[in-house]
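Okay, here's what each chain looks like letter by letter:
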Amino acid sequence: MKKHLISFLFIIPLLSFSQSVLKGRIMFIEDSKHAALAGASILWQDTKIGTVTEGNGNFQIPYKSEYKKLIISYLGFKTDTLTVKNPSYLHHLLQESEQLDEVILKSKKKNLNTSYFGAHNVESLGQGELLKAACCSLSESFETNPSIDVTFTDAVTGTKQIQMLGLTSPYIQLTQENIPAVRGAAQAYGMSFIPGTWVNGIQITKGAGSVINGFESITGQINTELKKPETAERFFLNIYGSQNGRLEFNTDFNTKVSDKIYTGIYLHGNMRTNKLDENSDSFLDAPLGKQVNIMNRWKYQDNVKGWESSLILRYLDDHKQTGEVAFDPDIHKMTPTEWGSEIDTQRFDSFFKLGRVFPDIPYQSFGFQAAYSTHQQESYFGLKEYNIKHNSFYSNALFQSILGNTYHQFKTGISFTYDDYSEHLTNLDFDRTDQSVGGFFEYDFDNEEAFSINAGIRTDYHNHWGFFVSPRVHIRYQPWVKTTLRASAGRGKRTANIFAENQKIFATNRAINITTNQGSAYGLQPETAWNYGFSLLQGFNLFDRNGDITIDYYRTDFTDQVVVDYENPQEIAFYNLNGQSFANSLQISGNYELTHDLDVRIAYKFYDVQTDYTTGLKANPLQAKNRFFINLAYETHETEKGGQWLFDYTFNWIGEQRIPFTGSNPVNYQLPNNSPTYTLMNAQVTKIFSEQFSIYFGGENLSNYTQENAILGSDDPFGNYFDSSLVYAPIHGRMFYTGLRYTIPNKKEVIEEHNDDEDEDDHNHDDHE
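Each value, and the rule that gives it
- Residues numbered from 1 in each chain as written.
- Predicted model: local features only at pLDDT ≥ 70, side-chain atom pairs only at ≥ 80, totals over all residues.
- Heavy atoms only, no water.
- Helix = DSSP H or I, 4+ residues; strand = E, 2+ residues; numbered from the N terminus.
- Rg over C-alpha atoms; globule rule 2.2 N^0.38 Å.
- Buried < 20%, exposed > 50% of the residue type's maximum accessible area, 1.4 Å probe, protein only.
- Areas by Shrake-Rupley, 256 points an atom, 1.4 Å probe, with all protein chains shown as cover.
- Lys, Arg positive; Asp, Glu negative; His and termini not counted.
- Charge placed at Lys NZ, Arg CZ, Asp CG, Glu CD.
- Patch = residues over 30% accessible without salt bridge, like charges linked within 9 Å, V, L, I, M, F, W, Y side chains within 5 Å.
- Salt bridge = Lys/Arg side-chain N within 4 Å of Asp/Glu carboxyl O.
- Pairing = 2+ DSSP bridges.
- Core = buried A, V, L, I, M, F, W, Y, C linked by side-chain atoms within 4.5 Å.
- Contact = heavy atoms within 4.5 Å.
- Axes fitted to C-alpha atoms, helices over the stretch in contact; angles between N-to-C directions.
- pLDDT = per-residue confidence, 0-100.
- Phe/Tyr/Trp six-rings, centres within 6.5 Å; stacked < 30°, edge-to-face > 60°.
- Lys NZ or Arg CZ within 6 Å of the ring centre and 35° of its normal.

A word on the overall build of the protein chain
Inference 1: Regarding its fold elements, the protein chain presents three helices and 45 strands.
Inference 2: Taken against the 2.2 N^0.38 rule, which gives 27 Å for 769 residues, the C-alpha radius of gyration of the protein chain at 26 Å falls within 12% of a compact globule.
Inference 3: Buried positions account for 59% of the 769 residues belonging to the protein chain.
Inference 4: Of the accessible surface of the protein chain, which amounts to about 30,500 Å², a share of 56% is contributed by carbon and sulfur atoms.
Inference 5: Taken as two groups, the 65 positive and 93 negative side-chain charges of the protein chain have centres that lie 4 Å from each other.

So, in structure tokens, the structure goes:
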């Protein structure tokens, strides 16, 4: 078996050598500077040979001497036809069309992109990928992506948490349009505060992120691109309802105010009023709640003078109620009669960007980013009260230019971050102010063929930590067509907000113990880690169908870490690491076009995540070592009126997980040392009636698997053994949902575009900005 596998892996690269290729890069003007144009159509005239550009604008297309005219087109841009005399490298700037309001470009493109180009290992998810599931919020937008694991934090609030490379979301830098966003007080619930219908695309960067975005990234970065008023639908409506009582309403309005100004208003509301207790443990299976979320976005763009700016204003009001079915907050709040919890959050965000490309020096630009947010949560869990207020300000100024020629580019700048925290836990107060100022320099070399490197370094001064340095490097090598090797290394540093990030501890009756170490936050030292990684991306064409195989290996080594220790069933302990803590992550995944209308995505993941606890080196709890993933996506041919059926199915197998020790509890409040393995299945069917109207129907956890005894001590929630934090499997059973989408597009006329029936680089999908 091993011999056949080695032979197969050896043969795959040879499938790429069959013909000559033309390589190039397509750019456009954005934020007053040259930017990559992702998803542009590249087609040889009078042939069916075509492709689309990668996330960084690069492309490669089969070349023969008889091919003379190359057609380059994209929605909202002038179509160019170029004469090609030989397959030398092509660098082309596509100009925006003045007739944007009159054109819609329709093409069949896949929705997940892992680029062959660029030093960073980036996966880009387009809107089509997000629509494969209901995507009620950002935390639910990764169900069809194997690189991100979605789990429940506890059995009371039902909050979903993401993991990447074997570590939880606090170690992932979560940005909104490359500005740090979900952090601090927002860490526990912040991803549920970003409606999925507002998201235009997501970029997942594995390994240490860019130094431009700060020093906090450890395992990687997830960047969310929101809808933009200049390109989004004129009107959008989404209505959603689920079997467990969740109702959701989303609507967008976008308009062009003048030739240079655009604006959009985005509204979201959801509520759940039905009390469900299918497992008869006397606790709600899903929290009651309501949320109002409003965003206003403005865009200014002057391509002649090279100026561009954007402004986002957002307000959120979210209320959750959970606990025992009989709990009535007007009667039982903070009393030992019925256990209950309420979590009220109000948040205001503002984001501002300003940039300019110098018209006479198009490779030179500067930009400024700023963000302010205020986040206030007032909550109680049983008899525990927890309140937090977090005011945050962030600014980043950067300059970009070249060193000699465009193969050598650099970015440099300064950034400032201010965070003011005020926390109250029952009878204790934890207040602090964090401030940091830093400078960074990042060098990019890309010969636009086989080799590229991105090397950055930043030096910061923190008011509690002093000076520290964060180096990061990413390297790409492409030995032949459709083979890309990447390596990366980098250092990250962050403050652990132990209560805001671990709010599930409040839904237990464990004692909280903090072993201080002369640190500035809760008496604890900050966390520091190195991340190293290697990646292989190999594309192939088999039976005239395109596919690819990816192997990713990453290791995270902590030199300092705040350990969250559940090993004593009567206590949760926080202390600084004394020993070693590491996370090894191996992912092998493949994508293949089984037929023109059916795509399959398969992945296997292995995690080895261990930490030195006071009781010794152990595997991190509630982390499956082995996972297997399959996604099948089928779509019928589109009719003349735009009608189409879309079918999506996702299968997950989750391996055994270590459960923290509960052996000293009474027998009926004990859990086994390891969880059983289980499977999860989700599916969705979408009927598109026209470009404007569609309905969808789906189901989650179709196998109806739920964790037994998910809440220890549910019969005595004020007793010593009450604990809802040891969750290894779904707490909700099978759930069905349905919804509709209605759109009024900005464009009036449709231009049909051939895509890539014979695409030799069909690993490209919706836009990556």
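Thoughts on a negative patch on the surface
Inference 1: A grouping of Asp-317, Asp-344, Glu-378 and Glu-385 is seen on the molecular surface, where their side chains present a negatively charged patch.
Inference 2: The residue Asp-317 is located in strand S23 (residues 307-323) in this model.

Thoughts on the sheet that holds strand S18 (residues 220-226)
Inference 1: Across the sheet, which stays open at both edges, the six strands sit in the order S10-S11-S17-S18-S15-S16 with mixed pairing between neighbours. Either end of the sheet is taken by a strand with one partner, and the two such strands are strand S10 (112-114) and strand S16 (179-180).
Inference 2: Summarising the sheet, strand S15 (residues 172-176) and S16 pair through two bridges and their orientation is antiparallel. In the strand pairing of S16, Gln-176 is matched with Ile-179.

Here we look at unusual backbone geometry
Inference 1: Backbone geometry at Leu-165 places phi at a positive 55 degrees, although glycine is not the residue there.
Inference 2: Topologically, Leu-165 is positioned in the loop between strand S13 (160-164) and strand S14 (167-168).
Inference 3: Its relative accessible area of 5% is what places Leu-165 among the buried residues.

Considering the nonpolar core
The tendency in soluble globular proteins is for nonpolar side chains to be buried side by side.
Inference 1: Tyr-386, Ile-498 and Phe-499 are the most contacted members of the largest nonpolar core, which totals 45 residues.
Inference 2: For this core, the elements supplying multiple residues, two or more each, are strand S26 (384-403), strand S27 (405-425), strand S36 (571-576) and strand S42 (678-688).
Inference 3: Here Tyr-386 is in contact with Gln-377, Glu-378, Ser-379, Tyr-380, Phe-381, Glu-423, His-424, Leu-425, Phe-499, Ala-500, Gln-503 and Phe-506, once residues within four sequence places are set aside.
Inference 4: Counting residues in each nonpolar core, the second largest holds 29 residues, with Leu-174, Val-182, Trp-198 and Ile-312 among its members.

Some thoughts on the pairing of strand S25 (residues 361-381)
Inference 1: Pairing between strand S24 (residues 340-358) and S25: 18 bridges, direction antiparallel. Within the sheet, the bridge partner assigned to Glu-342 lies in S25 and is Tyr-380.
Inference 2: Counted between consecutive antiparallel strands, the loop separating S24 from S25 contains two residues.
Inference 3: Alignment of S25 against S26, held across 17 bridges, turns out to be antiparallel. Paired with Gln-369 across the strands is Asn-396, a residue of S26.
Inference 4: Connecting S25 to the antiparallel partner S26 that follows it, the hairpin turn spans two residues, and Gly-382 within it adopts a positive phi of roughly 65 degrees.

Section: the pattern of salt bridges
Pairing is possible between side chains of opposite charge, provided their charged atoms come close.
Inference 1: Taken as a whole and assessed by the stated rule, the structure comprises 32 salt bridges.
Inference 2: Notably, a salt bridge pairs Arg-314 with Asp-349, separated by 3.1 Å at the nearest N-O pair. With Arg-314 in strand S23 and Asp-349 in strand S24, the pair connects residues that are 35 residues apart, well separated along the chain. This pair shows no difference in class: Arg-314 is buried, exactly as Asp-349 is.
Inference 3: Arg-458 is paired through a salt bridge with Asp-460; the nearest N and O atoms lie 2.7 Å apart.
Inference 4: Accessibility expressed as a relative area gives 2% for Arg-458, which makes it buried.
Inference 5: Take Asp-460: its relative accessible area is 1%, and that puts it in the buried class.
Inference 6: Each of the salt bridges in this network shares a partner with another, and the network as a whole consists of Glu-177, Glu-225, Lys-228 and Arg-297.

As for the sheet that holds S36
Inference 1: Spatially, S32-S36-S35 is the arrangement adopted by the three strands of the open sheet, whose pairing is mixed. The sheet is open, and its two edges are formed by strand S32 (511-514) and strand S35 (562-565), each paired on a single side. Adjacent strand axes in the sheet meet at a mean angle of 15 degrees when their direction is disregarded.
Inference 2: Pairing of S32 with S36 involves four bridges; the strand directions are parallel. Counterpart to Ile-512 in the pairing with S36 is Ile-572.

What about a nonpolar patch on the surface?
Inference 1: On the surface, Val-257, Trp-298, Leu-311, Leu-313, Tyr-315, Phe-348, Phe-352, Phe-368, Tyr-372 and Phe-393 cluster together into a nonpolar patch covering about 790 Å² of accessible area.
Inference 2: Broken down by secondary-structure element, the contributors of at least two residues to the nonpolar patch are S23, S24 and S25.
Inference 3: Sort the elements by how many residues they give to the nonpolar patch and S23 lands first, with three residues.
Inference 4: On the secondary structure map, Leu-311 appears in strand S23.

What to know about the confidence of the model for the protein chain
Inference 1: Per-residue pLDDT for the protein chain has a mean of 88; in total, 92% of the residues score no lower than 70.
Inference 2: Considering only residues more than four positions removed or in separate chains, one finds that residues 748-769, a stretch of pLDDT under 50, has 94 contacts.

Things to note about the environment of Ala-188
Inference 1: Relative to the elements of secondary structure, Ala-188 occurs in the loop between S16 and strand S17 (199-206).
Inference 2: The exposure class assigned to Ala-188 is partly exposed, which follows from its relative accessible area of 21%.
Inference 3: Counting along the chain gives 381 residues from Ala-188 to Pro-569, while the straight-line C-alpha distance between them is 23 Å.
Inference 4: Among residues more than four places away in sequence, those in contact with Ala-188 are Thr-159, Ala-500 and Gln-503.

A word on the packing of aromatic side chains
Inference 1: Going through the model one piece at a time under the given rule, you end up with 39 aromatic pairs.
Inference 2: Considering the side-chain rings of Tyr-171 and Phe-558, the 5.2 Å spacing of their centres and the 70 degrees angle between planes classify their relative orientation as edge-to-face. Taken as a pair, Tyr-171 in the loop between S14 and S15 and Phe-558 in strand S34 (residues 545-560) lie far apart in primary sequence, 387 residues in all.
Inference 3: A residue is classified by how much of its surface remains accessible, and Tyr-171, at 8% relative accessible area, is buried.
Inference 4: Between Phe-499 and Phe-574 the ring centres are 6.3 Å apart and the planes differ by 85 degrees, which places this aromatic pair in the edge-to-face class. With Phe-499 in the loop between strand S31 (483-494) and S32 and Phe-574 in strand S36, this pair connects stretches of sequence that are 75 residues apart.
Inference 5: The structure contains a cluster of three or more aromatic residues connected by ring pairs, namely Phe-381, Tyr-386, Phe-430, Phe-499, Phe-506, Tyr-522 and Phe-574.
Inference 6: The ring of Tyr-189 has Lys-320 sitting right over it, with the charged end atom 4.8 Å from the ring centre.
Inference 7: Over the face of the ring belonging to Phe-468 we find Lys-493, whose NZ or CZ atom lies 5.6 Å from the ring centre.

A word on the environment of Leu-702
Inference 1: Following the sequence through the fold, Leu-702 ends up in the loop between strand S43 (693-700) and strand S44 (735-744).
Inference 2: In the structure, Leu-702 is positioned 141 residues away from Gln-561 in sequence and 38 Å away in space, judged by C-alpha atoms.
Inference 3: Filtering out sequence-adjacent residues up to four positions away, Leu-702 remains in contact with Met-681, Asn-682, Ala-683, Arg-734 and Phe-736.

Some points on the environment of Arg-491
Inference 1: As for its position among the elements, Arg-491 is in strand S31.
Inference 2: Residues within four places of Arg-491 in sequence aside, it is in contact with Ser-217, Phe-468, Val-469, Ser-470, Pro-471, Arg-472, Thr-528, Ala-529 and Trp-530.

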